[in-house]
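# Chain and residue survey
Here are the chains, one letter per residue:
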Amino acid sequence: MQEAGDTLMDEEKATAPAATVDLAAEFRESGVKEILDELDRELVGLNPVKQRIRETAALLLVDRARKQLGLSHQTPTLHMCFTGNPGTGKTTVALRMSNLLHRLGYVRKGHLVSVTRDDLVGQYIGHTAPKTKEVLKRAMGGVLFIDEAYYLYRPDNERDYGQEAIEILLQVMENNRDDLVVILAGYADRMDKFFSSNPGFRSRIAHHIDFPDYTDDELFTISEGMLGEQNYKFTPDAEAAMREYIEHRRAQSHFANARSMRNALDRARLRQANRLFESAVGPLDAVALSTIDEQDIRASRVFRGGLDSDKPGSPKA
Amino acid sequence: MRVTQGTFSFLPDFTDEQIHTQAQYAIDNGWAVSVEYTDDPHPRNTYWEMWGHPMFDNPDAAAAVFEVNECRKAHHSKYIRVIAFDPSPGWESIRMSFIVNRPKDEPGFRLIREEKEGRSIRYTIQSYASDRPEGQRYG
């Protein structure tokens, strides 16, 4: 019964491939340009990352054109690895990436399934394989994003079920390359260790993209953007305080780039609400309700050396 | 004798690509795709063994084709079908069901005549394959 299908396929192949391809038109029509522009506009900094994405997009576009001319038949390996410190935008970029791959036609649906070790590894014998397969099936037609992928491999416990998840993952990454794209993410040094103990992974991943830390100026632009999204703004004094805050915060422990900024702003909004609640007497206008003042930021513990428990030589709380 | 039942039953067997297209059509309609297998070819055998859960939250049919192939590995000499459930009436009703795998050799059915009172006769059919116990019916 297989023959019937094969003859159908042969007929499709028999239609002659196009003789020329207009790359510029392809670029415009595929919608890739919009995504790259959006990336440039909405993501602050991350220049090496944007550069790599542009290169990848160019490669995929050319590859697609080659396919139309009948020069290549294989799907290129698209699995990627994002390394970088926390809060450098790995998840955000992964989301854009899935969109980009969808526009280029390399994934059919373009949805992003974001998982960590808990979603893949089971709790008892025989639990891991179905669980991992379930997640892989959900991700088919889209992108599977595995955050902090190195937790899958625990060298200290040889009976750890993570190894089983890795094996299934590798198998599907190889056999179902047309169906899903896997993006691994995590800190650079621990990812390196993970790859050196799982050489199969490194060879199956074509694109390694490193996310640099943000500079102080970039962090400030990001925090301004975050506030703007929620219809808040800084007073000039608060701006200066925020810049100083960023400088202090970077030197302290558990610094997580943009995520630290988000948390700092959440707390500033809390303080602002409290300040308004306690000090306001008359009716408040929209400006008062949407202004973050210097004192809302200065009140942060960061200016006094961070969390007490993190200070060297301090008694543990 | 080639067993025909379900949707598309008089077409040649589907290729994986065609299964993918049909399953994608079901998913795009909001139906949950599921894979089932059996070695009892009787047409009134409605409840086949389930191969995993129905795939309620898979947006792409690649998962269905993947499961069909997994099921083929384990039950290559049995009947395997793909069915699509539509939950919109308030219960799971089958909108589509097609066979994607069948035994190499299908021996067909024998006609059984049962004598009843008053010389009347009741007819039924029985598969030659079901002479043997479950699990040993097809090679």
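The coordinates are above.
Report follows, based on the coordinates. (Residues numbered from 1 in each chain as written. Chains lettered and ligands numbered in written order. Predicted model: local features only at pLDDT ≥ 70, side-chain atom pairs only at ≥ 80, totals over all residues. Heavy atoms only, no water.)

### Some thoughts on the overall build of chain A
Helix and strand content of chain A: 15 helices and seven strands. Compactness check: chain A gives a C-alpha radius of gyration of 25 Å against a globular reference of 20 Å for 317 residues, more than 25% above the reference. Across its three principal directions, the C-alpha atoms of chain A cover 85 × 55 × 30 Å. Of all 317 residues assigned to chain A, the portion counted as buried reaches 43%. Sequence-distant contacts, at least 24 apart, represent 74% of the contacts inside chain A between residues at least 6 apart. Once the 42 positive and 49 negative side-chain charges of chain A are each reduced to a mean point, those two points are 3 Å apart. (Helix = DSSP H or I, 4+ residues; strand = E, 2+ residues; numbered from the N terminus. Rg over C-alpha atoms; globule rule 2.2 N^0.38 Å. Buried < 20%, exposed > 50% of the residue type's maximum accessible area, 1.4 Å probe, protein only. Contact = heavy atoms within 4.5 Å. Lys, Arg positive; Asp, Glu negative; His and termini not counted. Charge placed at Lys NZ, Arg CZ, Asp CG, Glu CD.)

### Let's talk about the pattern of salt bridges
Summed over all chains, the structure comprises 30 salt bridges over all chains. A salt bridge links Lys50 of chain A to Asp40 of chain A, with the nearest nitrogen and oxygen atoms 3.9 Å apart. Linking Lys50 of chain A in helix 4 (residues 47–68) with Asp40 of chain A in helix 3 (residues 32–42), this pair joins segments that are ten residues apart in sequence. For the salt bridge of Lys109 of chain A with Asp28 of chain B, the shortest nitrogen-to-oxygen distance reads 3.5 Å. Linking Lys109 of chain A in the loop between helix 5 (90–103) and strand 2 (112–115) with Asp28 of chain B in helix 1 (residues 16–28), this pair reaches from one chain into another. With relative accessibility at 30%, the residue Lys109 of chain A sits in the partly exposed group. (Salt bridge = Lys/Arg side-chain N within 4 Å of Asp/Glu carboxyl O.)

### Let's talk about the pairing of strand 4 (residues 93–101) of chain B
Residue and element names in this part refer to chain B. Within strand 4, seven of the nine residues are buried, leaving the element largely enclosed by the surrounding structure. Relative to strand 4, strand 3 (residues 79–86) runs antiparallel, the two sharing seven bridges. Considered in strand 4, the bridge of Val82 is made with Phe98. Where strand 3 hands over to strand 4, the hairpin turn is made up of six residues, of which Gly90 adopts a positive phi near 110 degrees. (Pairing = 2+ DSSP bridges.)

### A closer look at the sheet that holds strand 2 of chain A
All names here are of chain A. Strand order in the open sheet made by the five strands is 2-3-4-1-5, with parallel pairing throughout. Single-partner strands in this sheet number two, and they are strand 2 and strand 5 (207–211). Strand-to-strand twist across the sheet, computed as the mean angle between neighbouring axes with direction ignored, equals 20 degrees. Judged from the five bridges that link them, strand 3 (residues 143–147) and strand 4 (residues 181–186) form a sheet pairing that is parallel. Across the sheet, the residue bridging to Asp147 is Ala185, located in strand 4. Its contacts with the sheet place helix 7 (residues 128–139) against strand 2 and strand 3, and it is angled at close to 130 degrees to strand 3. (Axes fitted to C-alpha atoms, helices over the stretch in contact; angles between N-to-C directions.)

### Considerations on the packing of aromatic side chains
All names here are of chain B. This model, assessed by the stated rule, comprises 13 aromatic pairs over all chains. An angle of 50 degrees between the planes, with centres 5.2 Å apart, marks the rings of Phe8 and Phe14 as tilted. The buried category is assigned to Phe14, whose relative accessible area is 13%. Between Tyr79 and Tyr138 the ring centres are 5.8 Å apart and the planes differ by 85 degrees, which places this aromatic pair in the edge-to-face class. Of this pair, Tyr79 sits in strand 3 while Tyr138 sits in the segment after strand 6 (121–127), and the two are 59 residues apart along the sequence. The two residues Tyr79 and Tyr138 agree in class, both being buried. (Phe/Tyr/Trp six-rings, centres within 6.5 Å; stacked < 30°, edge-to-face > 60°.)

### Re helix 2 (residues 62–74) of chain B
Residues and elements named next belong to chain B. Counted at 1.5 Å a residue, the expected span for helix 2 with its 13 residues is 18 Å, and the 19 Å between its end C-alpha atoms agrees. The element helix 2 is largely enclosed, with a buried count of ten among its 13 residues. All of the buried residues in helix 2 are Ala62, Ala63, Ala64, Val65, Phe66, Glu67, Val68, Glu70, Cys71 and Arg72. (Expected span 1.5 Å × (residues − 1).)

### Points about empty space enclosed by the protein
Tallied over the entire structure, the rule returns three cavities of 30 Å³ or more. Considering only enclosed or pocket space, the largest cavity measures out at about 100 Å³ in volume. In terms of lining residues, the largest cavity is bounded by 14 residues, among which Phe8, Ser9, Leu11, Asp13 and Ile99 of chain B are the most central. Tallied by class, residues from the lining of the largest cavity come to seven nonpolar, four polar and three charged. Approximately 50 Å³ is the volume found for the second largest cavity. Every residue lining the second largest cavity is listed: Met242, Tyr245, Ala264, Leu265, Arg267, Ala268, Arg271, Asp296, Ile297 and Ser300 of chain A. Those elements giving two or more residues to the lining of the second largest cavity turn out to be helix 12 (236–251), helix 13 (257–279) and helix 15 (294–298) of chain A. (1 Å grid on protein atoms, 1.4 Å probe; cavity = no way out; pocket = protein on both sides within 12 Å on 5 of 7 lines; lining within 4 Å. Points joined across faces, edges and corners; volume = space filled by probe spheres on them. Nonpolar A, V, L, I, M, F, W, Y, C, P; charged D, E, K, R; others polar.)

### Things to note about the interface of chain A and chain B
Tallying the contact residues gives 17 residues for chain A and 19 residues for chain B. Here chain A meets chain B over a buried area of about 1500 Å², counting both sides, of which 58% is carbon and sulfur. For the pair chain A and chain B, the number of links is four salt bridges. At the junction of chain A with chain B, the criterion picks out four residue pairs in polar contact (both at pLDDT 80 or more). When residues in the side of chain A that touches chain B are grouped by element, the largest group, five residues, is from helix 1 (residues 2–14) of chain A. Across the side of chain A that touches chain B, the residue classes tally to six nonpolar, five polar and six charged. (Buried area = accessible area lost by both parts, 1.4 Å probe. Polar contact = N/O pair within 3.5 Å; in protein donor to acceptor, adjacent residues only side chain to side chain.)

### Let's talk about the side chain of Arg117 of chain A
Residues and elements named next belong to chain A. Mapped onto the elements of the fold, Arg117 is located in helix 6 (residues 117–120). Classification of Arg117 as buried rests on a relative accessible area of 14%. In this view, Arg117 contacts Tyr151, Leu152, Arg154, Asp160 and Gly162; residues no more than four positions away in its chain are not counted.

### Structural notes on helix 8 (residues 162–175) of chain A
With 14 residues, helix 8 of chain A should reach 20 Å at 1.5 Å per residue; the first-to-last C-alpha distance of 20 Å fits that figure. Buried within helix 8 of chain A are the following residues: Gly162, Ala165, Ile166, Ile168, Leu169, Leu170, Val172 and Met173 of chain A.

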